[in-house]
Amino acid sequence: MHVNFNLSNTAVCENWHRPLGSVLKCNVDAAFFAHEECTGFGMVVRNGDGECLAARTHVVPGILSVGDGEVIGILEALSWVYAMGFKDVLFEFDAKGVVVAVKSGAQDVSEFGSLIC
């Protein structure tokens, strides 16, 4: 599986941008529900024409930290996309802290860091 990551620079994506060629795009986000005491993840895979090829939601009990929730959502998406057999996928999400941590390559011994490596 070929994986690319893209960080959305805006808090709210105003326009969806199509991937190039035969690349697919998987958008991932996490949501935190204090009243229900759970964390949810949503992910959708689209082709270059914007057609939805697959979508999934997943809920886990407990309210995770924002960083942990975003990382777990991305890991869930990676696992799901792999299991679906998609090969050339661009992942897009708005978790800037996760992207910075992954790109830095610095060792992080915190709980968050253990999820990244």
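The paragraphs below set out a description of the structure included in this document. All values derive from a computational prediction rather than experimental measurement.

## Overview of the pairing of strand β5 (residues 88–93)
Among the 6 residues that make up β5, 5 are buried, leaving the element largely enclosed by the rest of the structure. Sheet topology places strand β2 (residues 24–33) next to β5; 4 bridges connect them, and they run parallel. Along β5, the bridge assignment pairs Cys26 with Phe91.

## Some details on the nonpolar core
By size, the foremost hydrophobic cluster in this structure holds 20 residues, and its most contacted members are Cys26, Val28, Val81 and Phe91. At the level of elements, β2, β3 (38–46), α1 (66–84), β5 and α2 (96–104) are the ones that each hand at least two residues to this core. For this core, the element with the most residues is α1, which contributes 5 residues. In this structure Cys26 touches Met43, Val44, Val45, Ala77, Trp80, Val81, Val89, Leu90, Phe91 and Glu92, once residues within four positions along its chain are discounted.

## Side note on unusual backbone geometry
Generally, phi is negative for residues other than glycine and the peptide bonds are trans, each holding for most cases. One non-glycine residue, Glu37, lies in positive phi territory at about 55 degrees. With respect to the helices and strands, Glu37 occurs in the loop between β2 and β3. Among the residues examined, Glu37 registers a relative accessible area of 56% and is labelled exposed.

## Quick look at the environment of Cys26
Relative to the assigned elements, Cys26 resides in strand β2. Note: C-alpha distance between Cys26 and Leu78 (52 residues apart in sequence) is 9.2 Å.

## So, α1
Over its 19 residues, α1 extends 27 Å from the first C-alpha to the last, a length consistent with the 27 Å expected when each residue adds 1.5 Å. Burial in α1 covers these residues: Asp68, Gly69, Glu70, Val71, Gly73, Ile74, Ala77, Trp80 and Val81. The first or second residue beyond α1 is Gly85, which carries a positive phi of 85 degrees.

## Some details on the side chain of Asn47
Note that Asn47 resides in the loop between β3 and β4 (52–61). Since its relative accessible area comes to 15%, Asn47 is described here as buried. In this structure the side chain of Asn47 is engaged in a polar contact, spanning 2.9 Å, whose partner is the backbone nitrogen of Asp49. Side-chain polar atoms of Asn47 contact the side chain of Glu51, separated by 2.7 Å.

## A look at the environment of Ala95
Assignment of secondary structure puts Ala95 in the loop between β5 and α2. C-alpha of Ala95 to C-alpha of Ile74: the two residues are 21 residues apart in sequence and 9.4 Å apart in space.

What counts, and where the lines are drawn
Residues numbered from 1 in each chain as written. Predicted model: local features only at pLDDT ≥ 70, side-chain atom pairs only at ≥ 80, totals over all residues. Heavy atoms only, no water. Buried < 20%, exposed > 50% of the residue type's maximum accessible area, 1.4 Å probe, protein only. Helix = DSSP H or I, 4+ residues; strand = E, 2+ residues; numbered from the N terminus. Pairing = 2+ DSSP bridges. Core = buried A, V, L, I, M, F, W, Y, C linked by side-chain atoms within 4.5 Å. Contact = heavy atoms within 4.5 Å. Expected span 1.5 Å × (residues − 1). Polar contact = N/O pair within 3.5 Å; in protein donor to acceptor, adjacent residues only side chain to side chain.

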